[in-house]
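Residues per chain, in single letters:
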Amino acid sequence: MSYDYIREGDAIYNRSFAIIRSEADLKRFAPSVEERLAVRIIHACGMTDVAADLAFAPGAAEAGAAALAAGAPIFCDAQMVAHGVTRARLPANNEVICTLSDPSVPAQAKARGLTRSAVAADLWRAKLGGSVVAIGNAPTTLFRLLEMLDEGAPMPACIIGMPVGFVGAAESKDALIQYPNTPHLVVRGRRGGSAMAAAAINALASAKE
Ligand SMILES: C/C1=C2N=C(/C=C3N=C(/C(C)=C4\N[C@@](C)([C@@H]5N=C1[C@](C)(CCC(=O)O)[C@H]5CC(=O)O)[C@@](C)(CC(=O)O)[C@@H]4CCC(=O)O)[C@@](C)(CC(=O)O)[C@@H]\3CCC(=O)O)C(C)(C)[C@@H]/2CCC(=O)O
């Protein structure tokens, strides 16, 4: 049996990005990094209509790209996000950090009556200023991050807010958009996910398609 399909990786990507650009309404995105970001996010989920749900704070995409180029660490809410980051695209061998598996997290979560995902964000505090944060799974990580900012934690260079789901996902992203002066890149509503958040990092990391 022989099937007729594109066999070469770069050719598949190129064809895919061409289809996205022909089908999605990307007019409102600034050329270069914002447009590339929108294309990669759509590519990760297969839904061209997600373009309408993208909310990018002015300058946030450029700030995220510049922070990565300067060597900023990347904080991820889930290992799935961290594993989706293509290390070869990172411009400065950036650290990719997921604290969800830190041994202190389960006991802390129990003691404080929080999810492990929320407690894990507290371990980001020392290096949070100027970092790039990628939240693709857990709404409680995003809520906790906003609480930390309110408590005086330093502002990241860029916050990718793309948690998915039915409980807290849309609400946490609305809160991020409304929080003053956050450099946010958001997929509004219930849609989101680890793949989209990782794709957003990959778009910011390199101008190479
Ligand atoms: C309520 C949670 C939600 N999880 C979702 C979707 C997915 N989660 C997967 C996996 C494997 C993991 N989810 C955890 C983060 C776990 N998920 C939760 C929590 C209970 C609470 C988070 C929150 O509400 O903010 C959370 C555990 C916690 O105490 O924080 C995970 C750590 C659970 C675990 O396996 O221990 C784990 C992440 C592992 C990692 O990568 O580090 C799924 C693959 C589900 C599955 O197994 O079928 C899926 C992945 C989605 C994605 O793209 O990332 C929701 C839908 C986000 C949901 C929160 C919202 C809701 O509506 O319920």
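Going by the structure above, here's the rest.
About the thresholds
Residues numbered from 1 in each chain as written. Predicted model: local features only at pLDDT ≥ 70, side-chain atom pairs only at ≥ 80, totals over all residues. Heavy atoms only, no water. Pairing = 2+ DSSP bridges. Helix = DSSP H or I, 4+ residues; strand = E, 2+ residues; numbered from the N terminus. Axes fitted to C-alpha atoms, helices over the stretch in contact; angles between N-to-C directions. Parallel < 35°, antiparallel > 145°, perpendicular 65-115°, else oblique. Left-handed = near helix turned anticlockwise from the far one by under 90°. Contact = heavy atoms within 4.5 Å. Nonpolar A, V, L, I, M, F, W, Y, C, P; charged D, E, K, R; others polar.

(A) Summary view of the sheet that holds strand 5 (residues 158-161). Ordered in space as 1-6-5-4-2-3, the six strands form an open sheet in which the pairing is mixed. Looking at which strands have only one partner, the edges of the open sheet turn out to be strand 1 (54-56) and strand 3 (96-97). The sheet contact formed by strand 2 (residues 74-76) and strand 4 (residues 132-135) spans three bridges and is parallel. Each residue of the ladder has a partner; that of Phe 75, found in strand 4, is Val 133.

(B) Highlighting the packing of helix 7 (residues 139-150) against helix 8 (residues 169-178). Between helix 7 and helix 8, the least distance of the axes is 9 Å, while the angle of their chain directions is 25°. Our classification of the angle between helix 7 and helix 8 gives roughly parallel. For the pair helix 7 and helix 8, the crossing hand works out as left-handed. Contact with helix 7, carried on its side by Pro 139, Leu 142, Phe 143 and Leu 146, involves Ala 169, Glu 171, Ser 172, Lys 173, Ala 175 and Leu 176 of helix 8 and no other residues of that element. Taken together, the residues that form the contact of helix 7 with helix 8 break down as seven nonpolar, one polar and two charged.

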